[in-house]
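What the coordinates show
So the chains spell out like this:
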Amino acid sequence: MILPAMGVERAHRRFSRKKVFGYHFVAFSSIAIAVLGFLVWRHMFVAGISVYAAAVFSVLSMLVAIPSAVKVSTGR
């Protein structure tokens, strides 16, 4: 839900020629969001998964918040 807003914010910085603070952190957190998001997205179409698999995907879903927080905090 927050990724479109992050993209708009990034485009705004690009066209205003404002230097991005912590560019490498933002770039790596974008990659981390993409990888973790893909891993979480895979399980949404699988029915009848075990309790342990559901726990793993729950943890992966929560881990997406860490790189998202990095993008929000370094994007100022």
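Relevant structure appears above.
First, a word on what this report is: a plain description of the structure on this page. (Residues numbered from 1 in each chain as written. Predicted model: local features only at pLDDT ≥ 70, side-chain atom pairs only at ≥ 80, totals over all residues. Heavy atoms only, no water.)

Scanning the chain from terminus to terminus reveals four helices and zero strands. Ordered by position in the sequence, the α and β elements of the chain form the string α-α-α-α. Here the chain holds 76 residues, and 21% of them are scored as buried. Of all intrachain contacts in the chain linking residues separated by at least 6 positions in sequence, the fraction that spans at least 24 positions is 68%. (Helix = DSSP H or I, 4+ residues; strand = E, 2+ residues; numbered from the N terminus. Buried < 20%, exposed > 50% of the residue type's maximum accessible area, 1.4 Å probe, protein only. Contact = heavy atoms within 4.5 Å.)

Formed by Leu36, Val40, Phe57, Leu60 and Val64, the largest nonpolar core amounts to five residues. Those elements that place two or more of their residues in this core are helix H2 (23-42) and helix H3 (51-63). With residues up to four places along the chain from it excluded, the contact list for Val40 reads Phe57, Leu60 and Ser61. (Core = buried A, V, L, I, M, F, W, Y, C linked by side-chain atoms within 4.5 Å.)

Moving on, we get to a nonpolar patch on the surface. Where nonpolar side chains cluster on the molecular surface, the patch consists of Val59, Met62, Leu63 and Ile66 and spans about 380 Å² of accessible area. Broken down by element, the nonpolar patch gets its largest block of residues, three residues, from H3. Assignment of secondary structure puts Val59 in helix H3. By relative accessible area, which is 46% here, Val59 ends up partly exposed. (Patch = residues over 30% accessible without salt bridge, like charges linked within 9 Å, V, L, I, M, F, W, Y side chains within 5 Å. Areas by Shrake-Rupley, 256 points an atom, 1.4 Å probe, with all protein chains shown as cover. Salt bridge = Lys/Arg side-chain N within 4 Å of Asp/Glu carboxyl O.)

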